[in-house]
Amino acid sequence: MEVVRYQPGEAIRWLETEADRMRREATQKGKSAVQGGDHEGGIKQSVANVASAIFDFGKSAYAEIAHLRAKAGEYVLLEEQMDVVSGSSIKSVKYADVKKIVVVKDKATVHFSGHTISIKPYAYLSAGPLKVPVGWTRNGMEVPYYLLLEELAARCGVDLEIG
């Protein structure tokens, strides 16, 4: 049986792109607030602009961390076990040890030998009222989010319990 790698889908790259854009905007806001100039609001407006720039830097840092976390994570399906890779940490779960996989909304909880592992989307795509989890890249090909859960359940010989 071939090794199968599930990594976050290509849409995750937009987190990095957006983090860069937000960082540039925050830098520009901060520079204009510090340089002063002829502001109609005076010092009060300058303080508000600096606070806004700091907030934007925080948002850009959060987006960058989310992107790095997603890029560092993957699920590797081997012949007898699944490896959950998160940064430099690897947790292994033998398929035979899995008792059940419970899916609530988009979060799956894998129950095995008195422990659990959660599988949840790294990000969502939204269009109006519709919100769907970003899928995976499975050995280089884009696939839907739920395919990992279905393949894992099949390898473990259990049914997905929808809760």
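Residues numbered from 1 in each chain as written. Predicted model: local features only at pLDDT ≥ 70, side-chain atom pairs only at ≥ 80, totals over all residues. Heavy atoms only, no water.

Structural notes on the layout of surface pockets
As a reminder of what qualifies: A pocket here means an open set of points on a 1 Å grid, computed over the protein atoms alone, that has protein on both sides within 12 Å along at least five of seven lines. A cavity is instead a set of points where a 1.4 Å probe fits but cannot get out; residues with an atom within 4 Å of a point line either one. Grid points are joined across faces, edges and corners, and a volume is the space filled by probe spheres set on the points. Each helix corresponds to a stretch of at least 4 residues labelled H or I by DSSP, and each strand to a stretch of at least 2 residues labelled E; elements are numbered beginning at the N terminus. Residues are grouped as follows: Ala, Val, Leu, Ile, Met, Phe, Trp, Tyr, Cys and Pro are nonpolar; Asp, Glu, Lys and Arg are charged; all remaining types, including Gly, are polar.
Space inside the largest pocket adds up to approximately 290 Å³. For the largest pocket, the lining is made up of 15 residues, of which Tyr 75, Val 84, Ser 86, Ser 118 and Tyr 122 are closest to its centre. Every element with two or more residues in the lining of the largest pocket is listed here: strand S2 (73-77), strand S3 (81-86), strand S4 (89-94) and strand S7 (115-119). Of the residues contributing to the lining of the largest pocket, the split by class is eight nonpolar, four polar and three charged.

Overview of the environment of Glu 150
For Glu 150, the location among the structural elements is in helix H3 (residues 146-156). Note: C-alpha distance between Glu 150 and Leu 160 (ten residues apart in sequence) is 7.3 Å.

Examining the pairing of S3
To be explicit about the condition: In this scheme, a residue with accessible area under 20% of its type's maximum is buried, one over 50% is exposed, and one in between is partly exposed, where area comes from a 1.4 Å probe on protein chains only. Strands pair, by our definition, only if DSSP identifies at least two bridges between them.
Burial of S3 is extensive: five of the six residues sit out of reach of the surface. Hairpin connection of S2 to S3: three residues between the antiparallel strands. Note that S3 and S4 share six bridges and pair antiparallel. Within the sheet, the bridge partner assigned to Asp 83 lies in S4 and is Ser 92. Hairpin geometry of S3 and S4 is characterised by an intervening segment of two residues between the two adjacent antiparallel strands and by a positive phi of about 65 degrees at Gly 87.

Comments concerning the nonpolar core
For the record, the criterion: Buried Ala, Val, Leu, Ile, Met, Phe, Trp, Tyr and Cys residues that are joined via side-chain atoms within 4.5 Å together make up what is termed a nonpolar core.
With 25 residues, the main nonpolar core has Ile 119 and Leu 152 as its most contacted residues. Of all the elements in the fold, those that place two or more residues in this core are strand S1 (4-8), S2, S3, strand S5 (98-104), strand S6 (107-112), S7 and H3. In terms of residue count, H3 provides more of this core than any other element does, five residues in total.

Regarding the pattern of salt bridges
We apply this condition: Salt bridge criterion: a side-chain nitrogen from Lys or Arg within 4 Å of a carboxyl oxygen from Asp or Glu.
Scanning the model with the defined rule gives three salt bridges in all. Across the pair Glu 74 and Arg 5 runs a salt bridge whose closest N-O atoms are separated by 3.1 Å. Taken together, the residues Glu 74 in strand S2 and Arg 5 in strand S1 connect sequence positions 69 residues apart. A residue is classified by how much of its surface remains accessible, and Glu 74, at 13% relative accessible area, is buried. Overall, Arg 5 belongs to the partly exposed group, its relative accessible area being 37%. One network of salt bridges, with partners in common, ties together Arg 138, Glu 151 and Arg 155.

Focus on the side chain of Asp 83
To be explicit about the condition: None of His or the chain ends enter the tally, which takes Lys and Arg as positive and Asp and Glu as negative. Two N or O atoms count as a polar contact when they lie within 3.5 Å, although within protein this holds only if one can serve as hydrogen donor and the other as acceptor, and sequence-adjacent residues are included solely when both atoms are side-chain atoms. Working rule for contacts: check all heavy atoms of both residues, and any pair within 4.5 Å makes them a contact.
Positionally, Asp 83 belongs in strand S3. Salt bridges are absent for the buried Asp 83, whose nearest opposite-charge side chain, Arg 5, sits at 7.5 Å. Here Gln 81 takes part through its side chain, which lies 2.9 Å from a polar atom of the side chain of Asp 83. At a separation of 2.6 Å, a polar atom in the side chain of Asp 83 contacts the side chain of Ser 92. Residues within four places of Asp 83 in sequence aside, it is in contact with Glu 74, Tyr 75, Val 76, Leu 78, Ile 90, Lys 91 and Ser 92.

The quantities given are spatial measurements derived from coordinates; they are silent on function.
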